[in-house]
Amino acid sequence: MPGAKDLDPGDSIEQYLGNMVREARLALGREWTQAYVAAKVFSSGSRISEIERGEDPPDRDLARKLEIVLHLPAGSLVHLVRILTEQNVRDYAKTYMRRQLEATAIHEFSLVVPGLLQTAGYARAAMEAGLAGDSAQIGDYVRRRLERQAVLEQPDPPWMMIVLDEASLRRDIGGGQVMREQIEHLLTMCERPNVNIQVLPMRGTPVAGSVALLTLPKGERGAYTEGFSTGNYTEDPAEVMRFQRVYDLLQQGASGVRASLELMRAIAKEHDD
């Protein structure tokens, strides 16, 4: 069976993925009808039909199930679903989003709660404030953002060192309940051995944007910076080192881990008022 590298330029990725599913199903024999496959992946015949026609591709969970049931190479469908997801990300962020899924370590300073640590309520409220653009697509954006968080559920998840601006915890995004739930989620995530959050106090010197440093499996490093509606990803060693120094200075000015946890608990209670 052809791989993703054999994608016909005339086909959309949705069509190519659908063809992969259809060809794999037919190769297994006559009894492998769309309804038969649907029963095995706890879906419906009409849903499998939509996938095969390229009308509505599967999410990652369904893609994984189809890979197993149809004896497709592990990751072959999931990879295409990831590409489709990235097509809905602004061009300047696509490489960063792809590298983030591969990273073994993430060091980040952020003016808002990082996407990998957001709750659904917080993500929706932030996007409705204008961060996602078209309000009609808010639901899809939220779902895709939460899907990306699966990287933290892997057997060997990335090491995350986050410096979070205190203002992001105090800013009322979505109302008191949304913020309280978001901060409680951060506290829960901090119980994991791979997640560490330090808060940069309001009195600290901020920077005009967020910066994330990625360490990749073979030791390569990348840096992503983002402001309002603009961003840049680079793997140039000199640029990465420059942003590493920025991150280091911000971390030096942040509260310690224990003090940061106490501050987050206190701010969560303030959102009850």
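In case you missed it, the structure is sitting above this.
Residues numbered from 1 in each chain as written. Predicted model: local features only at pLDDT ≥ 70, side-chain atom pairs only at ≥ 80, totals over all residues. Heavy atoms only, no water.

**Student:** It is not clear to me how the pattern of salt bridges should be interpreted in this structure. Could you clarify?
**Tutor:** Here the idea is simple: oppositely charged side chains can pair when their charged atoms come close. Per the counting criterion, the structure on display carries 12 salt bridges. Of the charged contacts, one joins Arg47 and Glu50 as a salt bridge, the two residues approaching to 3.8 Å between their closest N and O atoms. In this pair, Arg47 and Glu50 both sit in helix α3 (residues 45-52), three residues apart, roughly one turn of the helix. A single network of salt bridges, built from pairs that share partners, joins Arg47, Glu50 and Asp56. (Salt bridge = Lys/Arg side-chain N within 4 Å of Asp/Glu carboxyl O. Helix = DSSP H or I, 4+ residues; strand = E, 2+ residues; numbered from the N terminus.)

**Student:** Quick question: what am I supposed to make of the nonpolar core here?
**Tutor:** Within soluble globular proteins, side chains that are nonpolar generally end up buried alongside one another. Formed by 37 residues in total, the largest nonpolar core has its most connected members in Leu117, Leu169, Leu186, Ile197 and Met264. Mapped by element, the contributors of at least two residues to this core are α6 (94-102), α7 (120-131), β2 (159-165), α10 (176-189), β3 (195-200), β4 (210-215) and α12 (257-270). Looking at this core, the element that brings in the most residues is α10, giving six residues. Residues within four places of Ile197 in sequence aside, it is in contact with Leu117, Ile162, Leu164, Leu186, Cys190, Val257, Ser260 and Met264. In terms of nonpolar packing, the next biggest core, distinct from the first, is built from 23 residues, Tyr16, Met20, Trp32 and Leu72 among them. (Core = buried A, V, L, I, M, F, W, Y, C linked by side-chain atoms within 4.5 Å. Buried < 20%, exposed > 50% of the residue type's maximum accessible area, 1.4 Å probe, protein only. Contact = heavy atoms within 4.5 Å.)

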